[in-house]
Number of protein chains: 2
Amino acid sequence: MLQVTDVTDVAADADCCTPLTRETIDADRAEDLARKLKALADPTRLRLVSIVAASEGEEACVCDLIEPVGLSQPTVSHHLRILMEAGFLSRSKRGTWAYYKLVPGALGQLSQLLDVTASR
Amino acid sequence: MLQVTDVTDVAADADCCTPLTRETIDADRAEDLARKLKALADPTRLRLVSIVAASEGEEACVCDLIEPVGLSQPTVSHHLRILMEAGFLSRSKRGTWAYYKLVPGALGQLSQLLDVTASR
DNA sequence: GCCGAATATTGACAACCTTCGATATAGTCG
DNA sequence: CGACTATATCGAAGGTTGTCAATATTCGGC
C-alpha cells in the first residue's frame, strides 16, 4: 500500500505495468515482461549490468568491459546491444569510445513487477 | 522497510543473496541468478505463475492451467517443472491431481536482488 | 586525406528451447 | 482386476541464442 503512488506512476509508463498477480497477467504483457527478463537472463549480461552499475556514474566504456567478462569484443557488443534494446542500458559515444550507462529505474521497475506477488 | 525481517531471512537462505551491484557480481552468482531469471523469462511461464498466484491459496491444479494458456498438456507440465526446479513453485499431489503452489518469498527474493541497484 | 584504434555488424555453427504427438505412469472407481 | 482420468516423460522438429572470426564503420591524430 505504500506503493500506490508508485504503482500509478508505473502504470502511466511506457509499455508495461500492473501487478504480476491478483488479476492474471494477459498474454501481451506476459510477452513484454518476458522480453525484458530474457535480456537479463544471461550470466554475462548480468555481469555487465553489475559492472556498469558499480562504476563511476553507473557508466562504463566497452573497452573496460571486455576484459572482466573474458569474451570477445563482438560478443560483448552484442550483449550490450541486447541490454540497451531491453531498456536497461543507454549508450553515448564520446570520441571513439562508447559508454554504456544504467537507465535509472529500469531495474527497479522490473523488480516491482515481480515483487507484487510477494508483497501482499 | 516493512520487509527488513524478510531480508535477513532471505540472506540466510540457500544459494544466493548479496546485491547485484556496488561490488560486481561474481561469475557463479551470475550463473545462478541467470538460471532463475531464465525460468521466468517466458511468456507462458509468467502466465502460469500469475494464474497460480491469483488462485485460491496461491495454488492451482494442472487441469485448470491448460485451458487458460492454450497449450498442450505435456507442454504445460514441462513449464511447470521448470518453474518448480527454479524454486518458484512447489508441487503436491492430491489423488490424481497435481497442485502447484507459489513458493512464498521466491519472487520477492529475486525482486530484491534486482532492486538493490535501483534503491541506492 | 590517410592510418590506427574503438566499436558495430555480418555470417556461421553448435547448443539449447519450446512445442507437439505418442507413450508411460499413477491413482480412482466400478 | 480393469477401465478411465490426470499427469509425467520421451523423442523429434523448428526456432532462437551465444559465441567467434572476419569485416565494416566511425572517429581522432598526424
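Quantities reported herein were computed from a predicted structural model and do not represent experimental measurements.

Turning our eyes to something else, we now look at the overall build of chain A. Counting its secondary structure elements, chain A contains six helices and three strands. Sequence-ordered secondary structure for chain A, helices as α and strands as β, is α-α-α-β-α-α-β-β-α. When the 120 residues of chain A are sorted by exposure, 45% land in the buried category. Here chain A displays about 6200 Å² of accessible surface, and carbon together with sulfur accounts for 52% of that area.

The next subject is the protein's contact with DNA strand C. Near DNA strand C, the surroundings consist of 24 residues, among which Q73, S77 and R91 of chain A together with T75 and H79 of chain B are the closest. A share of 74% is what sugar and phosphate atoms reach among the atoms of DNA strand C within 4 Å of the protein. Measuring from a base nitrogen of DNA strand C, one finds a side-chain N or O atom of Q73 of chain A at 2.7 Å. Within the side chain of R45 of chain B, a nitrogen or oxygen atom sits 2.9 Å from a phosphate oxygen of DNA strand C.

One finds L37, L40 and F88 of chain A together with L37, L40 and F88 of chain B to be the most contacted residues of the largest nonpolar core, which totals 64 residues. If we skip the residues at most four places from it in the chain, L40 of chain B touches L37 and L114 of chain A together with L46, V49, L83, F88, L107 and L110 of chain B.

Moving on to the protein's contact with DNA strand D. Within the structure, DNA strand D sits among 22 residues, and T75 and H79 of chain A together with S77, R91 and Y100 of chain B are positioned closest to it. When atoms of DNA strand D within 4 Å of the protein are sorted by moiety, sugar and phosphate together comprise 69%. One nitrogen or oxygen atom from the side chain of R45 of chain A is found 3.0 Å from a phosphate oxygen belonging to DNA strand D. With respect to DNA strand D, the side chain of R91 of chain B contributes an N or O atom lying 2.6 Å from a phosphate oxygen. Among the elements of the structure, α3 (43-54) and α5 (73-85) of chain A together with α4 (62-69), α5 (73-85) and β3 (97-102) of chain B are those that each provide at least two residues to the surface near DNA strand D. Class assignment for the residues of the surface near DNA strand D results in nine nonpolar, nine polar and four charged.

Next up on the list: helix α4 (residues 62-69) of chain A. Residues and elements named next belong to chain A. Buried residues of α4: V62, L65 and V69, and no others. Down the axis of α4, the buried side of the element spans an arc of 60°, and every buried residue falls inside it. As for α4, its buried residues are in contact with α3, β1 (59-61), α5 and β3 (97-102). The positive-phi residue at the C-terminal boundary of α4 is G70, with phi of around 70°.

All names here are of chain B. Burial of the side chains of β3 is restricted to one face: A98, Y100 and L102 are buried, whereas none of W97, Y99 and K101 on the reverse face is. In this sheet, β3 lies alongside strand β1 (residues 59-61) in antiparallel orientation, the contact comprising three bridges. Counted as the bridge partner of A60 is Y100 from β3. Bridge analysis of strand β2 (residues 89-94) against β3 gives six bridges, and the strand direction is antiparallel. Across the sheet, S92 pairs through a bridge with Y99, a residue of β3. Counting the residues between successive antiparallel strands, the hairpin from β2 to β3 contains two residues, one of them, G95, with a positive phi of roughly 70°.

Turning our attention to the confidence of the model for chain A. The pLDDT averaged across chain A works out to 83; a share of 77% of its residues lies at or above 70. In this model, residues 1-17 of chain A is a region of pLDDT below 50 whose contacts with residues beyond four sequence positions or in other chains number 20 contacts.

In this structure, L83 of chain B sits in helix α5. Judged by its relative accessible area of 0%, L83 of chain B is buried.

The next subject is the environment of R81 of chain A. Positionally, R81 of chain A belongs in helix α5. The spacing of R81 of chain A and Y100 of chain A is 19 residues in sequence and 9.7 Å in space, taken between C-alpha atoms.

About the cut-offs
Residues numbered from 1 in each chain as written. Chains lettered and ligands numbered in written order. Predicted model: local features only at pLDDT ≥ 70, side-chain atom pairs only at ≥ 80, totals over all residues. Heavy atoms only, no water. Helix = DSSP H or I, 4+ residues; strand = E, 2+ residues; numbered from the N terminus. Buried < 20%, exposed > 50% of the residue type's maximum accessible area, 1.4 Å probe, protein only. Areas by Shrake-Rupley, 256 points an atom, 1.4 Å probe, with all protein chains shown as cover. Near = heavy atom within 4 Å. Polar contact = N/O pair within 3.5 Å; in protein donor to acceptor, adjacent residues only side chain to side chain. Core = buried A, V, L, I, M, F, W, Y, C linked by side-chain atoms within 4.5 Å. Contact = heavy atoms within 4.5 Å. Nonpolar A, V, L, I, M, F, W, Y, C, P; charged D, E, K, R; others polar. Arc of directions from axis to C-beta. Pairing = 2+ DSSP bridges. pLDDT = per-residue confidence, 0-100.

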